[in-house]
Every structure is written in C-alpha cells, then in structure tokens.
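In case you want the letters, here they are:
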Amino acid sequence: KGYIALESEGAPTLFRNIRIRELPSAGTLTAEQVATGDQGHKALYDGTSLTGWQPPADQATRWRSQDWVIAYDSTLPAPGKPLLSSDTYGDVEVIADWRWVDAAEPAASQTAATVSARMLPGVRTVVMPQAGGSAQPAGKWNRVVQRIIGNRLTTNVNGEVVVADAAQEGLPTRGRIALVPSGRKVEFANVFVRPLP
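Parameters at a glance
Residues numbered from 1 in each chain as written. Predicted model: local features only at pLDDT ≥ 70, side-chain atom pairs only at ≥ 80, totals over all residues. Heavy atoms only, no water. Helix = DSSP H or I, 4+ residues; strand = E, 2+ residues; numbered from the N terminus. Buried < 20%, exposed > 50% of the residue type's maximum accessible area, 1.4 Å probe, protein only. Contact = heavy atoms within 4.5 Å. Areas by Shrake-Rupley, 256 points an atom, 1.4 Å probe, with all protein chains shown as cover. Salt bridge = Lys/Arg side-chain N within 4 Å of Asp/Glu carboxyl O. Core = buried A, V, L, I, M, F, W, Y, C linked by side-chain atoms within 4.5 Å. Phe/Tyr/Trp six-rings, centres within 6.5 Å; stacked < 30°, edge-to-face > 60°. Pairing = 2+ DSSP bridges. Polar contact = N/O pair within 3.5 Å; in protein donor to acceptor, adjacent residues only side chain to side chain.

Examining the overall build of the protein
Helix and strand content of the protein: 0 helices and 12 strands. Along the protein, helices (α) and strands (β) appear in the sequence β-β-β-β-β-β-β-β-β-β-β-β when read from the amino end. In the protein, which comprises 197 residues, the proportion classed as buried is 35%. In the protein, 70% of the contacts between residues at least 6 apart in sequence involve partners at least 24 apart. Total accessible area on the protein stands at roughly 11700 Å², and carbon and sulfur atoms take up 53% of it.

Below is the structure:
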C-alpha cells in the first residue's frame, strides 16, 4: 500500500480526470510496505514563496523560493545566515531534505563546523547540511529527521541515527526552526513540522 504521486519534474504540468478504483488486497504485504496515514505533520514551505520564513535582512537576496525548493546561493563558501521559521515551537519533530547543488562544492568534502540551536538566539532546532557519515555527495538529496523533546535531541540522516537523545544546553522552551546553509549553493525541500505532545 502507498500513496499515488503526480509528478511534474519541475515543469508546469496539468492533470485531469484522475480516477481510482481500489482492488481487493491479497493480504500479503509486510508492515514496512504499508504507508501510514498523516501523522500530524504540517508543511512549512508552500512551494511558491518564503511566506512563513524570515530571511536575514542583510542576506535576503541569497535566499529565494525556486519552484519546490528553498534555494540559497552565495559566492562565499562560509556558512551564511540562517532562514528562520516565523512560528515558534516547543517539543517538535522536523523533517527536511537538503542537497548541495554544485558537484565542486567545497563544503561537501569537508566536515562543517556544527552550528547548534544554542548558538542562535531564539532557535529551537537547526537543519544544516554536513558532510560525512551517511550524507550523500553533492547533487544528491539527503533527508534529516530531528526530534527535540525538552532539551534532548535525536537526529537521523538518511535513515542513520547521528545524534541519539543528546542533551542540548541553553535551548529556549519555545523557539524557531533554522535552515542554516553550509556552502555556496544549497537547496532545502519537503520541510515538515509536527508538534510533539
């Protein structure tokens, strides 16, 4: 079981007269092959604008909405200033995809300096591209899933746990989500958030 996807590959596409007829199941699917229903995630990017985000005033031209991705473009290889969510969150799960665009991206071959939420005032959790471990090379997408409960952070990159229930000192009880670019050209997509009880 799963979802039906209509894909445009980034070009304007129109769909019409879509009809579905569910056929009886043979009942032979394993649990991991069955898609789960909506678990309360909310999209933080509408695919058309940076509504719901706060670009840094002095780097606003580096951040742009580009079709289905949030793109960061700079001539400088150093980390740029983060894009912050307009809303604040307490205990939360964040899902986001990211990739370096350029195969010659220097940051893709280096271990980036970690930027934690406590280093950014008012930020609860940080999504930042980092090389090494299970991260894919430039040009390929990576998925990060972060859960922050109290001051405990768990981070999963491409299905591999890279931070397991680690204490994060100095976090606000409620704060923003930060997309932090490392490298010159970075894209983020499929940014979802789910408040946790």
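Here we look at the pattern of salt bridges
Throughout the structure, instances matching the rule amount to 8 salt bridges. The shortest N-O distance in the salt bridge between Arg-194 and Glu-93 comes to 3.2 Å. Of this pair, Arg-194 sits in strand β12 (residues 185-195) while Glu-93 sits in strand β6 (residues 92-100), and the two are 101 residues apart along the sequence. Across the pair Arg-99 and Glu-187 runs a salt bridge, and its minimum N-O distance is 2.8 Å. On the criterion of sequence distance, the pair formed by Arg-99 in strand β6 and Glu-187 in strand β12 is long-range, its members being 88 residues apart. Of the residues examined, Arg-99 reaches a relative accessible area of 21% and is grouped as partly exposed. By relative accessible area, Glu-187 is classed as buried at 7%. Look at the salt bridges and you will find they share partners, linking Glu-93, Arg-147 and Arg-194 into a network.

A short note on the nonpolar core
Residues Trp-53, Trp-63, Ile-70, Leu-179 and Phe-188 are the most contacted members of the largest nonpolar core, which totals 29 residues. Counting only elements with at least two residues in this core, the list comes to β4 (69-73), β6, β8 (142-149), β9 (152-157), β11 (176-179) and β12. If you tally residues by element for this core, the top one is β6, at 5 residues. Look past the residues within four positions of Trp-63 in its chain and what remains in contact with it is Leu-50, Pro-56, Ile-70, Ala-71, Tyr-72, Lys-81, Pro-82, Leu-83, Leu-179, Pro-181 and Phe-188. Counting 7 residues, the second-largest nonpolar core is a separate cluster that includes Val-123, Val-126, Met-128 and Val-180.

Quick notes on the packing of aromatic side chains
Throughout the structure, instances matching the rule amount to 4 aromatic pairs. Relative to Trp-141, the ring of Trp-68 lies with its centre 5.4 Å away and its plane at 40 degrees, an arrangement referred to as tilted. Placement of the pair is Trp-68 in the loop between β3 (63-66) and β4 and Trp-141 in the loop between β7 (123-127) and β8, with a sequence separation of 73 residues. Accessibility expressed as a relative area gives 25% for Trp-141, which makes it partly exposed. Taken together, Trp-63, Tyr-72 and Phe-188 form an aromatic cluster joined through their ring pairs.

Concerning the sheet that holds β7
Hydrogen bonds between backbone atoms are what pair the strands of a sheet, whose relative direction is either parallel or antiparallel. Taken together, the 4 strands give an open sheet; going across it, the order is β2-β5-β11-β7, and neighbouring strands pair in mixed fashion. Strand pairing shows two members of the sheet lacking a second neighbour, β2 (53-54) and β7, which therefore form its edges.

With respect to the side chain of Ser-134
Note that Ser-134 resides in the loop between β7 and β8. You can call Ser-134 buried: its relative accessible area is 16%. For Ser-134, the side chain forms a polar contact with the main-chain oxygen of Val-157, separated by 2.7 Å.

Overview of the side chain of Ser-74
Looking at the secondary structure, you find Ser-74 in the loop between β4 and β5 (83-85). Taking relative accessible area as the criterion, Ser-74 reaches 7% and is therefore assigned buried. For Ser-74, the contacting residues outside a window of four places in its chain are Arg-62 and Arg-184.

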